[in-house]
Amino acid sequence: MGLDDLTYEIYRFALNRPGCRLDELLLAVDAPETAVRDGVSRLLELALLRRAEGSLIPARPPLALRSMLERHQADILRRQQEFIHVKAAVDRLSEEYEDAQARGTHAGWERLESQAAIHTRMEHLAGRATTECVSLLPADANGDDALRARRPIDQHMLDRGLRVWNVYLESIYNDRAGLAYARWVAQSGGRVGTTPTLPIWLVVYDRTTALLPVDPKDPAAGAVQVTGAGYIAGLLALFERLCESMTPLDAPGACDGEQLTPLEKELLRLMGQGLTDEAVCKKFGLGVRTARRMIADLMERLGARSRFEAGAKAVERGWLRPCACGADQPVRAKKAKNSPPTTTPGMPQGADIGALV
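This one's a predicted model, so the numbers in the text were calculated from it and none came from an experiment.

Participant: Break down the environment of G108 for me, with residues and values.
Facilitator: With respect to the helices, strands and loops of the structure, G108 is situated in the loop between α4 (61-103) and β3 (109-112). Along the sequence, G108 and V226 sit 118 residues apart, while their C-alpha atoms lie 5.5 Å from each other.

Here's what the structure looks like:
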């Protein structure tokens, strides 16, 4: 009703002392004279007090406040009507936006040329999603600008009860802002995990529509939206395969001398493939110094003086399985020197079937 504590105290004093005068109020109420006079003016304005021959007479609250309540009710009805009009306008704009998006979409796929276009499409797809949003988010997808842009989108989906499932690189623990964001998603009800490497960034909405990069090596190349059932099935299979080796965010890791973390196992595997330090860093989203420190630590734990020796000792300890790829190559049969040439009807004498195939 707009009554502060002092005004309410003045009204109670007038109720207990009907016909009191202003000078009595000034003596009885412990407050500055200006504040008391303002309180009396407010009560007179609300018709809770009335003047009679220099005295202040309290009025009955229900009668005095009825007109004020009616004004409030009229104001509430006016605001409700305004809300209905605004909501209708927003709905019309949303329909126009949906129509414009539908006109610009190719069947099955659509290329998005700029970061602004990608962000706008994320807002659009997240707003339409009704069940879930799953994402693979390597290091280059977690810059400060990307996090600021993605937060209201994720917040909107989480508030509506969608399943939000994000998979990050384990190097997220070295990124303060990225780690804080991942923990916020987890604390807000999303599912969050980490894995040593991620091939691309990927977002799939409702298992029907996906966004992925045109060129994983060049973020400036833009993204592509795909909607075909075959595309989505393959991308979801990739996501689910990576989730099989995912570690929940902030789960206690095994890092004693006889056990490797998933990140260390993947590091050993890449070392065995002969990748350079720079290539390893890019896959893990780590700095060169951090990667080299991890490699040196692994070699020290294995007692190895070279990367080749580290791989061999890792196999001996059971940390890695031996590669069987050498046995996968088919052995080509040797042709006997004096064997007659192979021919078939309709082919010239001396023609080699193998060469033609």
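Participant: Before we move on, can you summarise the packing of helix α1 (residues 5-16) against helix α3 (residues 33-45) with the specific residues and values?
Facilitator: With their axes 9 Å apart at the nearest point, α1 and α3 run at an angle of 70° to one another. In terms of axis orientation, α1 runs roughly perpendicular to α3. In this structure, α1 contributes L6, T7, I10 and Y11 to the contact, and α3 contributes A35, V36, G39, V40, R42 and L43. For the contact of α1 with α3, the residue count by class is 7 nonpolar, 2 polar and 1 charged.

Participant: Go over helix α7 (residues 176-187), please, and point to the residues and values.
Facilitator: For α7, built from 12 residues, the straight-helix expectation of 16 Å at 1.5 Å per residue is met to within 8% by its first-to-last C-alpha distance of 16 Å. Lining the buried residues of α7 we find α6 (144-159), β5 (163-169) and β6 (191-195). The N-cap residue of α7 is D175: its side-chain oxygen and the backbone nitrogen of A177 are 3.3 Å apart.

Participant: Describe in detail the side chain of T194, supporting the description with residues and values.
Facilitator: Secondary-structure assignment places T194 in strand β6. Among residues more than four places away in sequence, those in contact with T194 are Y168, L169, E170, I172, Y173, S245, M246, T247 and L249.

Participant: So, a negative patch on the surface: which residues are in play, and what are the values?
Facilitator: On the surface, D4, D5, E9 and D30 cluster together into a patch of negative charge. Among the structural elements, D4 can be located in the segment before α1. Assessed through its relative accessible area of 44%, D4 is described here as partly exposed.

Participant: Which residues make up the confidence of the model for the protein, and what values go with them?
Facilitator: For the protein, mean pLDDT is 77; residues scoring 70 or higher make up 80% of the total. The model gives residues 324-357 a pLDDT under 50, and that stretch makes 8 contacts with residues more than four places away or in other chains.

Participant: Residue-level account of the pattern of salt bridges, with values.
Facilitator: Overall, the coordinates contain 15 salt bridges when judged by the stated rule. For E240, the salt bridge is made with R207, and the minimal N-O distance between the two is 3.3 Å. Of this pair, E240 sits in helix α8 (residues 229-244) while R207 sits in the loop between β7 (202-205) and β8 (209-213), placing them 33 residues apart in sequence. Taking relative accessible area as the criterion, R207 reaches 43% and is therefore assigned partly exposed.

Participant: So what about the environment of L22? Which residues, and what values?
Facilitator: Here L22 shows up in helix α2 (residues 22-28). Separated by 33 residues in sequence, L22 and S55 have C-alpha atoms that sit 7.4 Å apart. When neighbours within four sequence positions are excluded, L22 is seen to be in contact with R37 and V40.

Participant: Describe empty space enclosed by the protein, with residues and values.
Facilitator: A probe as big as a water molecule, rolled over the atoms, marks out the empty space that is left. All told, the structure shown has 1 cavity of 30 Å³ or more when counted by the stated rule. The space that makes up the largest cavity amounts to roughly 70 Å³. Lining the largest cavity we find M122, C133, S135, R150, I153, D154, M157, V164, N166, V203 and Y205. Those elements that provide at least two residues to the lining of the largest cavity are β4 (132-137), α6, β5 and β7.

Participant: An account of unusual backbone geometry is requested, with residue identities and associated values reported.
Facilitator: For E53, which is not glycine, the phi torsion reads 55° and is therefore positive. Looking at the secondary structure, you find E53 in the loop between β1 (49-52) and β2 (55-58). Using a relative accessible area of 82% as the deciding quantity, one classes E53 as exposed. Positive phi outside glycine occurs at D206, with the angle close to 55°. With respect to the element layout, D206 can be found in the loop between β7 and β8. Relative accessible area serves as the criterion here: at 19%, D206 is assigned to the buried category.

Parameters and conventions
- All residue numbers here refer to positions counted from 1 along the written sequence of the relevant chain.
- In keeping with the predicted nature of the model, local features appear solely for residues at pLDDT of at least 70, side-chain atom pairs appear and are counted solely at 80 or more, and the whole-chain, interface and lining totals rest on all residues.
- Side-chain numbers come from the whole structure's heavy atoms, not from hydrogens or water.
- Each helix is a run of H or I in the DSSP string that is no shorter than four residues. Each strand is a run of E no shorter than two, and both are numbered from the N terminus.
- What counts as an axis is a line fitted to C-alpha atoms, over the stretch in contact for a helix, and the angles between N-to-C directions run from 0 to 180 degrees.
- Oblique is the label for any angle not under 35 degrees, not over 145, and not in the 65 to 115 range, which are roughly parallel, roughly antiparallel and roughly perpendicular in turn.
- Contacts: residue pairs with any heavy atoms within 4.5 Å of one another.
- Ten residues, namely Ala, Val, Leu, Ile, Met, Phe, Trp, Tyr, Cys and Pro, are considered nonpolar, four, namely Asp, Glu, Lys and Arg, are considered charged, and the remaining ones, Gly among them, are considered polar.
- By this rule, a helix spans an expected 1.5 Å times one less than how many residues it contains.
- In protein, a polar contact requires one atom able to donate a hydrogen and another able to accept it; more generally it is a pair of N or O atoms within 3.5 Å, and residues adjacent in sequence count only if both atoms are side-chain atoms.
- In this scheme, patches are assembled from residues that exceed 30% relative accessible area and form no salt bridge. Like charges are connected within 9 Å, while nonpolar side chains (Val, Leu, Ile, Met, Phe, Trp, Tyr) are connected within 5 Å.
- Surface accessibility follows the Shrake-Rupley procedure with a 1.4 Å probe radius. Residue values consider only the protein chains on display as shielding.
- Note on definitions: salt bridges are taken to be side-chain nitrogens of Lys or Arg within 4 Å of carboxyl oxygens of Asp or Glu.
- In this count, Lys and Arg are taken as positive residues and Asp and Glu as negative ones, while His and the chain termini are left out.
- One atom stands in for each charge, and that atom is NZ of Lys, CZ of Arg, CG of Asp or CD of Glu.
- Each residue is assigned to one of three classes by its accessible area relative to the maximum for its type, calculated with a 1.4 Å probe on protein chains only: buried under 20%, partly exposed between the two thresholds, exposed over 50%.
- Confidence scores per residue from the predictor, reported as pLDDT, run from 0 to 100.
- We place a 1 Å grid over just the protein atoms. Points where a 1.4 Å probe fits but has no way out form a cavity, open points with protein on both sides within 12 Å along at least 5 of 7 lines form a pocket, and any residue with an atom within 4 Å of a point lines it.
- Grid points are joined across faces, edges and corners, and a volume is the space filled by probe spheres set on the points.

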